[in-house]
Amino acid sequence: MTAIRGLALKAALVSVLLFALFLGAWQVATTPVGGSAVGAALTPEQIEYARMMGKDPGAQKASGFPTPGQVAATIVGHLADPFYDKGPNDKGIGIQLGHSLARVGLGFALACLVAIPLGFLIGMSPLMRRALDPFIQVLKPISPLAWMPLALYTIKDSSASGIFVIFICSVWPMLVNTAFGVASVKREWLNVARTLEVSAMRKAFLVILPAAAPTILTGMRISMGIAWLVIVAAEMLVGGTGIGYFVWNEWNNLSLTNVIFAVLLIGVVGMLLDMAFGRLQRAVTYVE
Amino acid sequence: MRMSTFLRVERLSRVYVPGKPVFDEVSFDIGRGEFVCIIGHSGCGKTTVLNILAGLDAASSGYVFMDNREVSGPSLDRGVVFQSHALMPWFSVRKNIAFAVRSRWPEWGREEVRQHVERFVAMVGLSHAIDRMPAELSGGMKQRVGIARAFAIQPRLLLLDEPFGALDALTRGTIQDELMTIVRETGQTVFMITHDVDEAILLADRILLMSNGNETAAGYRAGRIAEVVDNPLPGTRTRATLHHLEGYYPFRNRIVDFLVARARAA
């Protein structure tokens, strides 16, 4: 126990150290390089000549890339007031994030509604497995964004198209995992259910679902990971609201501090989502 | 000694490879309240016979009648204790048994189910572990839960598929005693598969000796019930005194001789 705790402590220490090193390197790389050393070596005539040529040897040369301090200030600024709304192009980060999460949640929920029952069907019926396999094999590798034009044309609503894209990318891992989990439920448990004359519904919910739950949850976790990756790209395309749109908008504003902040936020939220599903997964996992 | 015929098995056969049935012409009766063991080497088809009785497998030909009605498909009338205990690992002991009890009596209320479950868990001496998960139990305890689950639905026929095969000798002995006590108290009709000669002698009223299918000079011969022997030992026998009883050794030798000499080459 103490050995494990010692290891965790050491790992945390190394993490902090690496982070400090990263910040230091960032700071050094973005600190403006002074031109004064060069300027001092020049005669006044040469300086004047340089000025006439449109150069300013005395000026500080900045990379334009924000320093850690500037980014930190931006982060504090955003987090201090996350929910303001000053028109379509200036909303608080909380609102943008809320839009993205709502889209992911809706698309993901729809995918659950389709993938889990369909996965049950495929897992329980070898006929359906074979019949649907070619469709799944063809549809699965399609990039979700490739559906965007068709979605925009048929659905005609950009926000709904975003949800559709999330749906289509979440559906496959869940479907495949559910089918696999259901198909590999141990024969003996099914035999117990058979000898007890358990009704189809009770069997599905009390035997097959709990037996396959860890595999299904794995599929859901993968789906959520993909959905969170895709939402950023989808929102860059459809625009309007969301964290993806925020990134694109701030790029157009050339506000790199905001872009860096958004990138960080996407990472943190993705991690939290994954952790939540990890929790859920542990809750349904059983030891044999 | 034989009671009224309860289960009748007629000319059962099961074919996996055409022309080479695993067994054929398997016929036997089980009386009401009788304890019948079947002994044979691996691969002779004992488990298949049991699965057919349970309704989990279908015979290629032949019939099984219980109380003069043909058995087709699984039923709550026939409880099965599986070799691998087959407990649902996501349910506690209590829920595993309650699952069976609710399947048997869907109309029962919560309190009724609880009392019934607790009665049968107490019967196998596991009241202290009733809220544990199967993973927290030893092999012997798991098998006890499996037995309690099968008894809890009060089946008319209990089928045991080598239930003690994976247990150590000490645990096996204890659970055999428990099973014997429960069966004698309840008058349960039992059909059990075993590899263990002493187990069969202790528990069974009658022992079916099953031979393996094999190739002989005269062609392929399917497995079948080669012999049926009545247990000559008194019904009050116990594990501790079994080997002191008169007639124990001749009886045991007869079964062992069969297994060594004739079960394969019959």
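Further up the page is the structure itself.
Since the structure is predicted, the reported quantities are computational estimates derived from the model, not experimental observations.

Student: What is the right way to read the overall build of chain A from this model?
Tutor: On a plain count of helices and strands, chain A comes out with 12 helices and zero strands. When its C-alpha atoms are laid out on the principal axes, chain A stretches across 100 × 60 × 35 Å. In chain A, which comprises 288 residues, the share counted as buried stands at 40%.

Student: Honestly, the interface of chain B and chain A in this entry has me stumped. Any pointers?
Tutor: Interfaces are frequently sized by the accessible area removed from exposure as the parts join. With 22 residues of chain B at the interface, the matching set in chain A holds 17 residues. Summing the contributions of chain B and of chain A, the shared interface buries around 1,800 Å²; its carbon and sulfur component is 70%. The tally of links between chain B and chain A comes to five residue pairs in polar contact (both at pLDDT 80 or more). Those elements giving two or more residues to the side of chain B that touches chain A turn out to be β6 (78-81) and α2 (93-104) of chain B. Counted by class, the side of chain B that touches chain A contains 15 nonpolar, four polar and three charged residues.

Student: Help me understand the side chain of S100 of chain A, please; the structure alone is not making it clear to me.
Tutor: One can find S100 of chain A in helix α5 (residues 93-124). Among residues more than four places away in sequence, those in contact with S100 of chain A are W228, I231, E235, G242, I243 and G244 of chain A.

Student: In this structure, what is going on with helix α1 (residues 2-30) of chain A? I would like to understand it.
Tutor: Residues spaced three or four apart along an α-helix face the same direction, because each turn holds 3.6 residues. For α1 of chain A, with 29 residues, the first-to-last C-alpha span of 42 Å sits near the 42 Å given by 1.5 Å per residue. The buried fraction of α1 of chain A amounts to two of the 29 residues, a small share that puts the element mostly on the outside.

Student: What should I look at first to understand the packing of aromatic side chains in this one?
Tutor: What characterises a pair of aromatic rings is the spacing of the ring centres plus the angle enclosed by the ring planes. All names here are of chain A. Taken as a whole and assessed by the stated rule, the structure comprises 15 aromatic pairs over all chains. A ring pair is formed by W26 and F65, whose centres lie 6.5 Å apart and whose planes are at 65°; its orientation type is edge-to-face. Taken as a pair, W26 in helix α1 and F65 in the loop between α3 (44-52) and α4 (68-80) lie far apart in primary sequence, 39 residues in all. Judged by relative accessible area, F65 falls into the partly exposed class, the value being 41%.

Student: I would appreciate a short explanation of the sheet that holds strand β1 (residues 5-14) of chain B in the present structure.
Tutor: Strand pairing in a sheet relies on backbone hydrogen bonds. The paired strands run either parallel or antiparallel. Residue and element names in this part refer to chain B. If you trace the four strands from one edge of the open sheet to the other, you get β2-β1-β4-β5, paired in antiparallel fashion. Every interior strand has two partners, whereas the edge strands, β2 (23-31) and β5 (69-70), have only one. Taken together, the six bridges between β1 and β2 define a ladder with antiparallel strand orientation. Bridging across to β2, T5 finds its partner in G31.

Student: Even after reading the chapter, I still don't get the environment of P250 of chain B, so can you show me in this structure?
Tutor: Structurally, P250 of chain B is set in helix α7 (residues 248-262). For P250 of chain B and V93 of chain B, which are 157 residues apart along the polypeptide, the C-alpha to C-alpha distance reads 42 Å.

Student: What am I meant to see in the pattern of salt bridges here?
Tutor: As a working rule, side chains carrying opposite charge can pair if their charged atoms are close by. This model, assessed by the stated rule, comprises 23 salt bridges over all chains. Between R221 of chain A and D274 of chain A there is a salt bridge, with the nearest N and O atoms lying 3.1 Å from each other. Of the two residues, R221 of chain A is situated in helix α10 (residues 200-238) and D274 of chain A in helix α12 (residues 256-284); the sequence distance between them amounts to 53 residues. A salt bridge links D230 of chain B to R206 of chain B; the shortest N-O distance between them is 3.9 Å. With D230 of chain B in strand β12 (residues 225-230) and R206 of chain B in strand β9 (residues 206-210), this pair connects stretches of sequence that are 24 residues apart. Note on D230 of chain B: relative accessible area 45%, which makes it partly exposed. Accessibility expressed as a relative area gives 3% for R206 of chain B, which makes it buried. Overlapping salt bridges, with partners in common, bring together R94, E111, R114, E118 and D131 of chain B in one network.

Student: Which parts of the structure should I look at to understand the packing of α10 of chain A against α2 of chain B?
Tutor: Helix packing geometry: the angle between the two helix axes and the distance between the axes. Remark: α10 of chain A packs on α2 of chain B, axes separated minimally by 13 Å, with the N-to-C direction vectors making an angle of 175°. As judged from the angle between their axes, α10 of chain A and α2 of chain B are roughly antiparallel. Touching R202, L206 and V207 of chain A of α10 of chain A are F99, R102 and S103 of chain B, all from α2 of chain B. Partitioned by chemical class, the residues of the contact of α10 of chain A with α2 of chain B number three nonpolar, one polar and two charged.

Student: What exactly am I supposed to notice about the pairing of strand β3 (residues 35-39) of chain B here?
Tutor: Remark: a regular strand shows side chains that alternate across the two faces of the sheet. All names here are of chain B. Among the five residues that make up β3, five are buried, leaving the element largely enclosed by the rest of the structure. Burial along β3 is two-sided: F35, C37 and I39 and V36 and I38, pointing in opposite directions, are all buried. In the sheet, β3 pairs with strand β8 (residues 189-194) via five bridges, with the strands oriented parallel. Counterpart to F35 in the pairing with β8 is V190. Strand direction decides the pairing type here: β3 and β9, joined by four bridges, are parallel. Its bridge partner lying in β9, V36 is registered against R206.

Student: Can you help me understand the nonpolar core in this one?
Tutor: One finds L7, F28 and F191 of chain B to be the most contacted residues of the largest nonpolar core, which totals 96 residues. Sorting elements by how many residues they give to this core places α10 of chain A first, with 16 residues. The contact partners of F28 of chain B, leaving out residues within four places of it in the chain, are L7, R8, V9, V49, L53, F191, L208 and I225 of chain B.

Student: What am I meant to see in the environment of N212 of chain B here?
Tutor: All names here are of chain B. As for its placement among the helices and strands, N212 is situated in the loop between β9 and β10 (214-216). In contact with N212, not counting residues within four places along its chain, are H41, S42, G43, C44, R221, G223, A263 and R264. A polar atom in the side chain of N212 sits 3.1 Å from the backbone oxygen of S42.

Student: Which parts of the structure should I look at to understand a nonpolar patch on the surface?
Tutor: All names here are of chain A. On the surface, L110, L113, V114, L118 and L121 cluster together into a nonpolar patch covering about 410 Å² of accessible area. Among the structural elements, L118 can be located in helix α5. Since its relative accessible area comes to 30%, L118 is described here as partly exposed.

Student: Would you explain the sheet that holds β12 of chain B in this entry?
Tutor: Residue and element names in this part refer to chain B. The sheet built from six strands is open, its strands ordered β6-β7-β8-β3-β9-β12 with mixed pairing. What marks the edges here is a single partner per strand, and that holds for β6 and β12. The average angle at which neighbouring strand axes cross in this sheet is 15°, direction not considered. Pairing geometry for β6 and strand β7 (residues 157-161), over four bridges, is parallel. Paired with V81 across the strands is L160, a residue of β7. Here helix α1 (residues 46-54) sits on the sheet and contacts β3, β6, β7, β8 and β9; the angle it forms with β8, its principal contact strand, is near 155°. α7 rests against β3, β9 and β12 of the sheet, and its axis sits at about 175° to β12.

Calculation rules
Residues numbered from 1 in each chain as written. Chains lettered and ligands numbered in written order. Predicted model: local features only at pLDDT ≥ 70, side-chain atom pairs only at ≥ 80, totals over all residues. Heavy atoms only, no water. Helix = DSSP H or I, 4+ residues; strand = E, 2+ residues; numbered from the N terminus. Buried < 20%, exposed > 50% of the residue type's maximum accessible area, 1.4 Å probe, protein only. Contact = heavy atoms within 4.5 Å. Buried area = accessible area lost by both parts, 1.4 Å probe. Polar contact = N/O pair within 3.5 Å; in protein donor to acceptor, adjacent residues only side chain to side chain. Nonpolar A, V, L, I, M, F, W, Y, C, P; charged D, E, K, R; others polar. Expected span 1.5 Å × (residues − 1). Phe/Tyr/Trp six-rings, centres within 6.5 Å; stacked < 30°, edge-to-face > 60°. Pairing = 2+ DSSP bridges. Salt bridge = Lys/Arg side-chain N within 4 Å of Asp/Glu carboxyl O. Axes fitted to C-alpha atoms, helices over the stretch in contact; angles between N-to-C directions. Parallel < 35°, antiparallel > 145°, perpendicular 65-115°, else oblique. Core = buried A, V, L, I, M, F, W, Y, C linked by side-chain atoms within 4.5 Å. Patch = residues over 30% accessible without salt bridge, like charges linked within 9 Å, V, L, I, M, F, W, Y side chains within 5 Å. Areas by Shrake-Rupley, 256 points an atom, 1.4 Å probe, with all protein chains shown as cover.

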